[in-house]
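# Structural characterization, general
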Amino acid sequence: MTKLTDTQRVILSAASQRTDRLALPLPKSLKGGAAHKVINALIEKGLLKEVKANRKLSDPVWRENEEGHGLTLIITDTGFAAIGIEVEPQKIKAPKSEPKPITTQRKMREGTKQALVIEMLRRPEGASIAEIVEATAWVSHSVRGFLTGALKKKLGLTIDSEKDATRGRVYKIVH
């Protein structure tokens, strides 16, 4: 039998009485670091589980994950058992069809400004912001945003820069 504090028992009992199994909202007296400590202990014991919040149903959000998705808390079957309630295990529905495989490699269209900039950055001499501005007719802040947003974050390319005495800062894609 799992040892529970009074606060943990209150949280699990409240969640057990809901049809949606949500463990939120937490008791008003439980705030900040204390709330995180109590919830993390319940998650580690397998009594609560973080699941993606359904914004359409206005699920309360416990925290956001690294991708910015809201997460809520639900009581698990083990959580029910810890407070002495027997439940039928939740059945997980199998997908109706095979999911499409996730592709990590993006195809690049030729002749686009993106392809042009990548080609410029792959040259041994690289490219400066001014050179990219001239080639694409973008403004300099758009070029900087493109380098960090599209190339680094979306395409996962590693871009190095170094100061050149005549050309200014020069950017290159590291292979």
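Residues numbered from 1 in each chain as written. Predicted model: local features only at pLDDT ≥ 70, side-chain atom pairs only at ≥ 80, totals over all residues. Heavy atoms only, no water.

## Brief notes about helix H2 (residues 32-44)
Counted only if it meets this: The helix count covers DSSP runs of H or I at least four residues long, the strand count covers runs of E at least two residues long, and both are numbered beginning at the N terminus. Expected helix span is taken as 1.5 Å per residue step, with the number of steps being one fewer than the number of residues. The contact definition used throughout considers only heavy atoms, calling two residues in contact when any of these lie within 4.5 Å.
When the terminal C-alpha atoms of H2 are compared, their 18 Å separation across 13 residues agrees well with the 18 Å that a helix rising 1.5 Å per residue should span. Structurally, H2 contributes buried residues whose contacts are with helix H1 (6-16), strand S1 (48-52) and strand S3 (70-75).

## Some words on the side chain of Ser 128
Position of Ser 128 relative to the elements: it lies in strand S4 (residues 127-128). Beyond its immediate sequence surroundings of up to four residues, Ser 128 is in contact with Arg 167, Arg 169 and Val 170.

## Details of the nonpolar core
This is how the line gets drawn: Within this scheme, the nonpolar core is defined by two criteria: the residues are buried Ala, Val, Leu, Ile, Met, Phe, Trp, Tyr or Cys, and they are joined through side-chain atoms within 4.5 Å. Exposure is judged per residue with a 1.4 Å probe applied to protein chains only, and the accessible area is read against the type maximum: over 50% gives exposed, under 20% gives buried, and values in between give partly exposed.
Membership of the largest hydrophobic core comes to 20 residues, with the highest contact counts inside it found for Ile 11, Leu 12, Leu 26, Ile 39, Leu 42 and Leu 48. Among the elements of the structure, H1, H2, S3 and helix H3 (77-82) are those that each provide at least two residues to this core. The element that contributes the greatest number of residues to this core is H2, accounting for four residues. If you look at the next biggest cluster of nonpolar residues, it comprises 16 residues, including Val 117, Ile 129, Val 143 and Ile 159.

## Section: the packing of H1 against H2
To be explicit about the condition: Angles shown run from 0 to 180 degrees and are taken between the N-to-C directions of axes, each axis being a line fitted to C-alpha atoms and, for helices, limited to the stretch in contact. Small angles under 35 degrees read as roughly parallel and large ones over 145 as roughly antiparallel, with 65 to 115 read as roughly perpendicular and the rest as oblique. Helix crossings are classified by the rotation of the near helix relative to the far one: an anticlockwise turn of less than a right angle makes the crossing left-handed, while a clockwise turn makes it right-handed. Amino acids are sorted into nonpolar (Ala, Val, Leu, Ile, Met, Phe, Trp, Tyr, Cys and Pro), charged (Asp, Glu, Lys and Arg) and polar (every other residue, Gly among them).
Close contact between H1 and H2 brings their axes to 10 Å; oriented N to C, the two are set at 70°. As the angle between them shows, H1 and H2 are arranged roughly perpendicular. The two elements H1 and H2 cross, and the hand of that crossing is right-handed. Here Thr 7, Gln 8, Ile 11 and Leu 12 of H1 come into contact with H2, specifically with Val 38, Ile 39, Ala 41 and Leu 42. Taken together, the residues of the contact of H1 with H2 break down into six nonpolar, two polar and no charged.

## Some details on the pattern of salt bridges
Rules: Salt bridges are defined as contacts in which a side-chain nitrogen from Lys or Arg sits within 4 Å of a carboxyl oxygen from Asp or Glu.
In the structure shown here, the tally under the stated rule is seven salt bridges. Between Arg 123 and Glu 125 there is a salt bridge, and its shortest N-O distance comes to 3.4 Å. For the salt bridge of Lys 172 with Glu 162, the shortest nitrogen-to-oxygen distance reads 3.9 Å. Of this pair, Lys 172 sits in strand S6 (residues 168-174) while Glu 162 is found in strand S5 (residues 158-164), placing the two residues 10 residues apart along the sequence. On the basis of relative accessibility, which here comes to 26%, the residue Lys 172 falls in the partly exposed class. Taken together, the shared-partner salt bridges connect Arg 123, Glu 125, Glu 131 and Arg 167 into one network.

Note that every value here comes from positions in space, so none of it alone points to a role or purpose.
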